[in-house]
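# Fold and geometry: a report
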Amino acid sequence: MSPPVASEPTATPRRIAALALPALVVLAAEPLYVLVDTAVVGHLGPLELAAIAVGGTVMSVAAWFGTLMAYGTTGRAARRFGAGDRAAAVAEGVQASWLALAMGLLLALLGLVGAGPVAHLLAGNEQTAEAAAGWMRIAAFGAPGLLLAAAGNGWMRGVQETRRPLWIVLGANVLSAVLCPVLVYPLGLGLTGSAIANVTAQTVGGGLFLVALIRETRDLRPVPSIIVRQVVLGRDLLIRGAAFQACFLSATAVASRFGIAAVGAHQIGLQLWFFAALALDAVAIAAQSLVGAALGAGDADQARDVARRVTVAGGVAAVVFAALAAAGAPVIPGWFTPDPAVHDQAMIIWPWFVGLLPFAGVVYALDGVLIGAGDVAFLRTVTILSAVLGFLPAIWLAYALDLGLGGVWAGLGLFTLIRFVTLVWRWRSPRWVVVGATR
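Starting from 1, residues in each chain are numbered consecutively following that chain's sequence as written. Selection of residues for local features in this predicted model requires a pLDDT of at least 70, selection of side-chain atom pairs for listing and counting requires 80 or more, and totals for whole chains, interfaces and linings are taken over all residues. Side-chain numbers here rest on the full set of heavy atoms in the structure, without hydrogens or water.

## A closer look at unusual backbone geometry
In this structure, Gln160 takes a positive phi of about 60 degrees despite not being glycine. A run of H or I in DSSP counts as a helix once it spans at least four residues, and a run of E counts as a strand once it spans at least two, with each numbered from the N terminus. Position of Gln160 among the secondary structure elements: in the loop between helix H5 (143-158) and helix H6 (163-184). Residues other than glycine seldom take positive phi values, yet Asp402 does so here, at roughly 55 degrees. With respect to the secondary-structure elements, Asp402 resides in the loop between helix H13 (376-400) and helix H14 (404-428). The exposed category is assigned to Asp402, whose relative accessible area is 59%. Accessible area is worked out with a 1.4 Å probe on protein chains only. A residue is then buried under 20% of its type maximum, exposed over 50%, and partly exposed in between.

## Things to note about the nonpolar core
If you look at the biggest cluster of nonpolar residues, it comprises 39 residues, and the most contacted ones within it are Val291, Val310, Val369, Leu370, Leu423 and Trp432. At the level of elements, helix H1 (13-42), helix H2 (46-82), helix H8 (224-256), helix H9 (260-296), helix H10 (300-327), helix H12 (340-372), H13 and H14 are the ones that each hand at least two residues to this core. An automatic or database domain assignment is the source of the domain bounds shown. Shared between two domains, this core takes at least three residues from each, and those domains are domain 1 (13-222) and domain 2 (233-428). Those residues in contact with Leu423 that sit more than four places away from it in its chain are Val363, Leu366, Asp367, Leu370, Phe378 and Leu379. We define the nonpolar core as a collection of buried residues of types Ala, Val, Leu, Ile, Met, Phe, Trp, Tyr and Cys that are connected through side-chain atoms lying within 4.5 Å of one another. Any two residues whose heavy atoms approach within 4.5 Å are treated as being in contact.

## Side note on the packing of aromatic side chains
Only rings of Phe, Tyr and Trp enter the pairing, Trp through its six-membered ring, and a pair is recorded when the two centres are within 6.5 Å. The plane angle decides the type: under 30 degrees is stacked, over 60 is edge-to-face, the rest tilted. In the structure shown here, the tally under the stated rule is 11 aromatic pairs. Consider the rings of Trp273 and Trp409, whose centres lie 6.2 Å apart with planes at 85 degrees: the pair is edge-to-face. With Trp273 in helix H9 and Trp409 in helix H14, this residue pair connects regions lying 136 residues apart in the sequence. A relative accessible area of 3% places Trp273 in the buried class. Charge-over-ring placement is defined geometrically: NZ (Lys) or CZ (Arg) within 6 Å of the ring centre, and within 35 degrees of the ring normal. The ring of Tyr399 carries Arg257 above its face, with NZ or CZ at 5.9 Å from the centroid. Stacked on the ring of Phe378, the Lys or Arg Arg426 has its end atom at 4.2 Å from the ring centre.

## Here we look at H9
The span you would expect from a helix comes to 1.5 Å times its residue count less one. Between its first and last C-alpha, H9 extends 52 Å over 37 residues, near the 54 Å set by a 1.5 Å rise per residue. Counting buried positions over the 37 residues of H9 gives 27, a clear majority of the element. The first or second residue beyond H9 is Gly298, which carries a positive phi of 80 degrees.

## Remarks on the environment of Arg157
Relative to the helices and strands, Arg157 is located in helix H5. Along the sequence, Arg157 and Gly45 sit 112 residues apart, while their C-alpha atoms lie 41 Å from each other. Residues contacting Arg157, with those up to four places away along its chain left out, are Val26, Ala70, Tyr71, Thr74, Ile285 and Ser289.

## Some words on a nonpolar patch on the surface
Think of a patch as exposed residues, more than 30% relative accessible area, with no salt bridge, where like charges cluster within 9 Å and nonpolar side chains (Val, Leu, Ile, Met, Phe, Trp, Tyr) cluster within 5 Å. For the area figures, the Shrake-Rupley method with a 1.4 Å probe applies, and any residue is considered shielded solely by the protein chains shown. Think of a salt bridge as a Lys or Arg side-chain nitrogen and an Asp or Glu carboxyl oxygen that are within 4 Å of each other. On the surface, a nonpolar cluster with roughly 480 Å² of combined accessible area is contributed by Val174, Val178, Val182, Leu187, Leu189 and Ile196. The leading source of residues in the nonpolar patch is H6, at 3 residues. By secondary structure assignment, the location of Leu187 is in the loop between H6 and helix H7 (191-216). Assessed through its relative accessible area of 54%, Leu187 is described here as exposed.

## Examining the pattern of salt bridges
This structure, assessed with the given rule, holds 15 salt bridges. For Arg380, the salt bridge is made with Asp236, and the minimal N-O distance between the two is 2.7 Å. Pair noted here: Arg380 is in helix H13 and Asp236 is in helix H8, with a separation of 144 residues, a long-range link. Judged by relative accessible area, which is 6%, Asp236 ranks as buried. By sharing partners, the salt bridges in this structure join Arg86, Glu161, Arg164 and Glu216 into a single network.

## As for the packing of helix H3 (residues 86-122) against H8
Contact geometry for H3 and H8: axes closest at 9 Å, N-to-C directions at 75 degrees. Here H3 is positioned roughly perpendicular relative to H8, judged by the angle of their axes. Listed contacts from H8 to Glu92, Gln95, Ala96, Trp98 and Leu99 of H3 are Ile226, Ile227, Gln230 and Val231. Lines are fitted to the C-alpha atoms to define the axes, a helix being fitted only along its stretch in contact, and any angle between axes, read from their N-to-C directions, falls within 0 to 180 degrees. Orientation labels follow simple angle bins: below 35 degrees gives roughly parallel, above 145 gives roughly antiparallel, 65 to 115 gives roughly perpendicular, and whatever is left gives oblique.

## Thoughts on the domain arrangement of the protein
Taken as a whole, the protein is organised into domain 1 (13-222) and domain 2 (233-428). Each of domain 1 and domain 2 was reduced to a C-alpha centroid, and the two centroids are 24 Å apart. Here's the idea: put two parts together, see how much 1.4 Å probe accessible area each one loses, and the total over both is what we call buried area. Buried surface at the junction of domain 1 and domain 2, summed over both partners, amounts to about 2200 Å²; 74% is from carbon and sulfur atoms. When the buried surface of domain 1 facing domain 2 is broken down by residue, Ile16, Tyr71 and Arg79 rank first, second and third, together holding 29% of it. Taken together, domain 1 and domain 2 are joined by 0 salt bridges. Within 3.5 Å is the distance limit for a polar contact, defined as a pair of N or O atoms, with the added protein rule that one can donate a hydrogen and the other accept it, and that residues adjacent in sequence qualify only through two side-chain atoms. Counting across the domain 1 and domain 2 interface gives 6 residue pairs in polar contact (both at pLDDT 80 or more). Sorting the residues of the side of domain 1 that touches domain 2 by element identifies H1, H2 and H5 as the ones contributing at least two each.

## Digging into the packing of H8 against H14
Where H8 contacts H14, the two axes come as close as 9 Å, and the packing angle between them is 165 degrees. With respect to each other, H8 and H14 are oriented roughly antiparallel. Here H8 runs over H14; the crossing is right-handed. Listed contacts from H14 to Arg240, Phe244, Cys247, Phe248, Ala251, Val254 and Ala255 of H8 are Leu405, Val408, Leu412, Phe415 and Arg419. Charged residues are taken to be Asp, Glu, Lys and Arg, nonpolar residues to be Ala, Val, Leu, Ile, Met, Phe, Trp, Tyr, Cys and Pro, and polar residues to be all remaining types, Gly included. Its residues assigned to classes, the contact of H8 with H14 comprises 10 nonpolar, no polar and 2 charged. Handedness of each helix crossing follows the sense of rotation of the near helix against the far helix: counterclockwise by less than a right angle gives left-handed, clockwise gives right-handed.

Printed below as a string of C-alpha cells:
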C-alpha cells in the first residue's frame, strides 16, 4: 500500500491550479459544444432551432444527473486515495459506473417513451413539438455514455488524475463538433444529424472512460452495499440541486411578469452568473479532491489548510470576475441585444451581480470543501432553508410589491448571503472534519 498522499504539501497554489484548470476545461467543453451545435442547427431555420432548444432543455436533465454523480464519486474516491488505497478509490469508480449505466439506460428508456408528451407540453406549436420529439428519441441513446463519463471524471478527480479526463472530454466534444455540421449539411440529415453527433460523442466518451477503468482494475463486479451508499449521497445532492432549480425557475417566472425588457435583462444576468459559477466550480472540484484526500489520510490539519487555501483562491477568482464585470458594464449587455430598454433593465441588476460575486466565490469553494468531506446532508439542508426562508419569499414579495428586477436580484442576494454565513460558520466549526477512509 502506498503512503497517504495527504502527507505531501498538496494545498500549494500550484497544486490547486493543477487540479482546477483541467477541471475548468472539462466543465467548459460541454457548454461550448452546445453553442456550436446551436449555431449549426440554427442555420437550418427557426423551427429546427426551436426544436433543439426544447429537446436540449429536456436532455440537460441527464447532464444534471451526471454532475451530481461526478461530485459524489470524487469525494468518496478521494478519501480512499488519501488513505493510501488507490484500489479502493478505483473501486468507487467501478460501482459508480454500474450506477451510471443503470441510470443511463433508465433515462434512455424514459426519453424514448416520454419524448412526444414532454415535447408537446413544452413546445409552442405542433411542428416544433414533433421536431423536438424526433431529436430527443435519438439523443436519449447518449444518456448511458454521458453518465459513464461523469462517473469516470469523478473517480479520476478523486485520485487526482487530471490529464486523461481532459483529453477524453476534449476528444469526444471535438468529434461531435466535427460530425455535427457534416451530418447536418453535406449528408443532409438535418436535425437528425445533430442528435446522432451528440449520441456518438457521448458514447465514445463514456466508452473511453470505461476502458480507462478496465485498465485500472479487473474487479468489475457490482457491490450493492457500496452502490446504495452512493445513491444516498446522490440523493442529498439531487435534493440540493432541485432547490436551486426551483429558485431560478421562480426568479425567471417573476421577472417575466415585469415585461419583455425585464426578463431579457434577467436572462443576460442569469447566464453570466451561471458562466461565473461554471468557472468558479473548478476551484470547488479541486477542493473536493484535496479535502477528501487529506481526511482519508487522517490529517485533519491538512484538510483545514486545504479548505482555507481553496476558499481564498475561490474568493480571489470571484473578485477578478467581479472587477471584469464592473469594467464591462457599459458594453457587455450590448453583446446580447441592441435593445436599449433591455440595457436599462440590465443596469438595475448589474450592481447586484458585481457585488454578490465575491461572496459566491467563497460559497462555491466551501461547497467543494464540504462535498469533499462528505458533509452533503448539511449542504442539502442549508440550500433548502436558504431557498424557503430567503430566495423564494423575497422574489414573490418583489412581485407583490412591484419592486422590479432589483427585488428579484435582492432575493438572489439573500439566498447567497444566507449560504455564505452558514457555510463559513460550518467551515470554522470542527463538525465537518471527520477523518478516515469513509465518513
